[in-house]
Amino acid sequence: MSKDIVILFGTESGNAEFAAEDMAAAIESDAEVTVVDMTDFDVSEFSADVFYVLISSTHGEGEVPSGARPFIEALNSNAPDLSGVEFAVFGLGDSTYEHYSRGSEIIEEKLRSLGATRIGLYGRHDASDGSLPNDAAVEWVKDLFATL
Amino acid sequence: MSQLQPTICIVGSGPSGCYLAQFLIKQWPEAQISIVDRLDHPYGLALYGVAPDHHGTRAVTKQFDRLWSNPNVQFVPNVEVGVDVSLAELQANFDIVVLATGLHQDRKLSIEGDGLPGVVGAGRVTRLINGHPNETADDFSIGQNLLIVGQGNVAIDIVRLTLTSPDKLHGIGVPANIIEAIHSTPIRRISIVGRSTCSQAKFDVAMVRELANLTNVSFSASGLASVSKGDASDPKEAAIHDLVANSLAGAQRNVDFYFGWQPTAIAGSAEVSRVTFSNISRPEETLIFDTDTVITAIGFEESDDASIRRNQLKDSNSNIDVGLLSAGLYCVGWFRRGPKGTIPANRVDAKMVSDSITQDFQNRDDLGFKKGRQAIKQLHSASKS
Ligand SMILES: Cc1cc2nc3c(=O)[nH]c(=O)nc-3n(C[C@H](O)[C@H](O)[C@H](O)COP(=O)(O)OP(=O)(O)OC[C@H]3O[C@@H](n4cnc5c(N)ncnc54)[C@H](O)[C@@H]3O)c2cc1C
Ligand SMILES: Cc1cc2nc3c(=O)[nH]c(=O)nc-3n(C[C@H](O)[C@H](O)[C@H](O)COP(=O)(O)O)c2cc1C
């Protein structure tokens, strides 16, 4: 990967952050990787020179986790032009809930509506069996960068 | 700053203690953190409160498991602070001590008859279901006519779990004697009664929707503000309407929701047999339940015999809002803010307290000279010998 990579996580109970750190460790020998909480990310800094990996859970009734709320609100109110920005998405959820994995989809749709392009397979993890997303997320991110 | 090597003792290994350790070790990778718990196993209510069929919620403990692979973080089991070691001893041996001991006692109804046999707290029931090592099943059984007081998520957990088949309970690890105590007399009716209106009730919609998966159960509700789902503007009312409307005729078990009632007296001779409620908006109106088992699910409070009490530890410098009790002594989680909020709320809380600790200590250069974890071993073995 020639671009620098920013892994943006949106979390409520910490699973997405934990998986983001494992993803970073798995790919940092091949690229410059930083892990950033969506809450702390300034949406005016989106850049076409960086590849973004988004990982977010779902909470409430199919909503984004509280850690992604300021991010979505900033995207809504600032509406930055994201043309040229490339990203990939890994969604966390639990299929015993009615709106499975919806939180990450809300973010994905928002970024595309602002002109960004999603690359690669949409990754998902289902927590209904009590597993953590880490292993699935690491496999997914390795496959993603192997094909880019 | 990251070179600071304070010795830190976190008392209590529930979600708030574990999240705090995660944040502190990230801020101070060279810190030496000991997390002590009175139990043999960590994670507090994430293990002994959260329903065992909610695997996704339980998964957070796997996040915490990773803590123990960091050589600078250590779990110290079977040490009850205030009994096996004193808080003063910990403070003498650690630069920073944080209390994350939670609040465990079921809040009492505080009405006539609330101590009768057959009246049991939801905290105790969920500890039994989760195999808590210090909880005994003596005198615990559920008859055929169960009354639940309170309508929060814990009350809904109790409805779901007590109506779950023995095989399934076994499959999720519920101890055999507890399955027997729940199922030896099959439950025919559960009445679940709360003070609030339905829209103000504390349960989450997803929790009520999940009840639709139970088999052989018919639902009813009284005290709703709307007549049918069509005119329910509130999502909780809509969810209850759905449950009732989709109930199968001929089910042998009934779950009845009553909104807007508060209990006034519990009667019975050897054990509970009747509970009286009065209507919140029309107090002269009463509702009487004949019942053999009452489970109270109205929240938690400080134990009568708590070995550590927050209000006794405050001094003139305390600022509970940021977790500060006194110099070097902090609090986090339910112990800090009271028995409210889910596991994620403790993560937010732990982040805030972690920030306040690191700010307080950022300019100190005298840290890391207290003995830390070796001291616990010595103090502990001294108290046991
Ligand atoms: C029945 C029930 C079900 C719940 N279900 C859910 C759910 O499904 N989802 C959700 O998000 N939240 C749920 N919650 C809420 C969640 O459990 C709490 O928000 C959370 O556990 C509070 O964390 P804590 O670390 O403050 O306290 P606790 O989890 O209570 O941890 C306190 C720890 O301190 C230890 N301790 C206490 N005193 C001492 C002492 N003197 N010395 C040493 N150790 C001590 C205890 O053994 C315990 O391990 C539930 C709560 C209950 C009661
Ligand atoms: C209260 C609550 C509500 C949830 N709602 C949903 C939901 O609507 N859809 C879904 O797919 N997952 C839902 N989940 C599951 C989480 O997305 C899943 O457990 C995830 O791994 C949590 O990741 P996090 O720790 O990064 O927040 C919910 C979990 C909780 C505790």
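Analysis parameters
- Residues numbered from 1 in each chain as written.
- Chains lettered and ligands numbered in written order.
- Predicted model: local features only at pLDDT ≥ 70, side-chain atom pairs only at ≥ 80, totals over all residues.
- Heavy atoms only, no water.
- Domains from an automatic or database assignment.
- Contact = heavy atoms within 4.5 Å.
- Buried area = accessible area lost by both parts, 1.4 Å probe.
- Salt bridge = Lys/Arg side-chain N within 4 Å of Asp/Glu carboxyl O.
- Polar contact = N/O pair within 3.5 Å; in protein donor to acceptor, adjacent residues only side chain to side chain.
- Pairing = 2+ DSSP bridges.
- Helix = DSSP H or I, 4+ residues; strand = E, 2+ residues; numbered from the N terminus.
- Axes fitted to C-alpha atoms, helices over the stretch in contact; angles between N-to-C directions.
- Nonpolar A, V, L, I, M, F, W, Y, C, P; charged D, E, K, R; others polar.
- Parallel < 35°, antiparallel > 145°, perpendicular 65-115°, else oblique.
- Left-handed = near helix turned anticlockwise from the far one by under 90°.
- Near = heavy atom within 4 Å.
- Areas by Shrake-Rupley, 256 points an atom, 1.4 Å probe, with all protein chains shown as cover.
- Buried < 20%, exposed > 50% of the residue type's maximum accessible area, 1.4 Å probe, protein only.

(A) Focus on the domain arrangement of chain B. All names here are of chain B. Each domain of chain B was delimited in the assignment, giving domain 1 (7-103 + 302-384) and domain 2 (106-298). Computed from C-alpha coordinates alone, the two centres of domain 1 and domain 2 are separated by 34 Å. Counting residues at the interface gives twelve residues for domain 1, matched by 16 residues for domain 2. Buried surface at the junction of domain 1 and domain 2, summed over both partners, amounts to about 1100 Å²; 55% is from carbon and sulfur atoms. Summed over the three residues of domain 1 that lose the most area to domain 2, namely Tyr48, Pro52 and Asp53, the buried surface amounts to 49% of that side. Counting across the interface, domain 1 meets domain 2 through two salt bridges. Across the pair Asp304 and Lys108 runs a salt bridge whose closest N-O atoms are separated by 3.4 Å. Inspection of the domain 1/domain 2 interface yields eight residue pairs in polar contact (both at pLDDT 80 or more).

(B) Fine view of the sheet that holds strand β2 (residues 32-36) of chain B. Residue and element names in this part refer to chain B. Strand order in the open sheet formed by six strands is β3-β2-β1-β4-β17-β16, and the pairing between neighbours is mixed. The sheet is open, and its two edges are formed by β3 (73-76) and β16 (324-326), each paired on a single side. Strand-to-strand twist of the sheet, defined as the mean angle between neighbouring strand axes without regard to direction, takes the value 25°. In this sheet, β2 lies alongside strand β1 (residues 7-11) in parallel orientation, the contact comprising five bridges. Within β2, the position partnered with Cys9 by the bridge is Ser34. Set on the sheet, helix α13 (residues 343-361) makes contact with β4 (96-99), β16 and β17 (329-331); between it and β17 the angle comes to about 165°.

(C) Inspection of the interface of chain A and chain B at higher detail. Listed by partner, the interface residues are 20 residues for chain A and 14 residues for chain B. When the buried surface of chain A facing chain B is broken down by residue, Ser13, Phe18 and Gly130 of chain A rank first, second and third, together holding 30% of it. In this structure, the connection of chain A to chain B is made through five salt bridges. The salt bridge involving Glu21 of chain A is made with Lys26 of chain B; its shortest N-O contact spans 2.9 Å. Summed over the shared surface of chain A and chain B, the number is ten residue pairs in polar contact (both at pLDDT 80 or more). Broken down by element, the residue count for the side of chain A that touches chain B peaks at five residues, all from helix α1 (residues 15-27) of chain A. Class assignment of the residues belonging to the side of chain A that touches chain B gives a composition of four nonpolar, eight polar and eight charged.

(D) Looking closely at the sheet that holds strand β8 (residues 189-194) of chain B. Residues and elements named next belong to chain B. With parallel pairing, six strands are arranged side by side in an open sheet as β6-β14-β7-β8-β10-β9. Because the sheet does not close on itself, it has two edges, and the strands there are β6 (119-121) and β9 (217-222). The mean angle between the axes of side-by-side strands here comes to 20°, regardless of whether they run parallel or antiparallel. As judged from the five bridges shared by strand β7 (residues 145-149) and β8, these two strands associate in the parallel manner. Counterpart to Leu147 in the pairing with β8 is Ser191. Helix α6 (residues 122-129) contacts β6 and β14 (293-296) of the sheet and is inclined by roughly 70° relative to β6. Packed onto the sheet, helix α11 (residues 235-245) meets β9 and β10 (253-259) and runs at close to 135° relative to β9.

(E) Focus on the packing of helix α2 (residues 69-78) of chain A against helix α3 (residues 102-113) of chain A. All names here are of chain A. Packing of α2 against α3 leaves a shortest axis separation of 11 Å and a crossing angle of 25°. Taken as axis vectors, α2 and α3 run roughly parallel relative to one another. Crossing of α2 over α3 shows left-handed handedness. Residues Phe71, Ile72, Leu75 and Asn76 of α2 touch α3, and the partners they reach there are Ile106, Ile107, Lys110 and Leu111.

(F) Molecular detail of the site of ligand 1. Residue and element names in this part refer to chain B. Close to ligand 1 lie 33 residues; Ser16, Asp37, Trp334, Gly341 and Ile343 are nearest. A distance of 3.5 Å is found between an oxygen atom of ligand 1 and a backbone nitrogen or oxygen belonging to Gly44. Contact between ligand 1 and His104: an oxygen atom at 3.0 Å from a side-chain N or O atom of the residue. Coverage of ligand 1 by the protein chains reaches 93% of its 1000 Å² of free accessible surface.

(G) Representation of the site of ligand 2. Residue and element names in this part refer to chain A. In the vicinity of ligand 2 lie 20 residues, with Thr11, Ser13, Asn15, Thr58 and Ser101 positioned nearest. With respect to ligand 2, the side chain of Ser57 contributes an N or O atom lying 2.8 Å from an oxygen atom. At a separation of 3.1 Å, a nitrogen atom of ligand 2 approaches a polar backbone atom of Gly60. Protein chains bury 88% of the 650 Å² of accessible surface belonging to ligand 2 in isolation. Elements that contribute at least two residues to the shell around ligand 2 include exactly α1 and β4 (86-93). For the shell around ligand 2, the residue count by class is five nonpolar, twelve polar and three charged.

(H) How the structure looks around unusual backbone geometry. Residues and elements named next belong to chain B. Positive phi is not limited to glycine here, since Asp139 has a value of about 65°. Residue position: Asp139 is located in the loop between α6 and β7. Phi angles above zero are rare outside glycine, and Asn216 is one such case at about 60°. Note that Asn216 resides in the loop between α10 (205-210) and β9. A relative accessible area of 34% places Asn216 in the partly exposed class.

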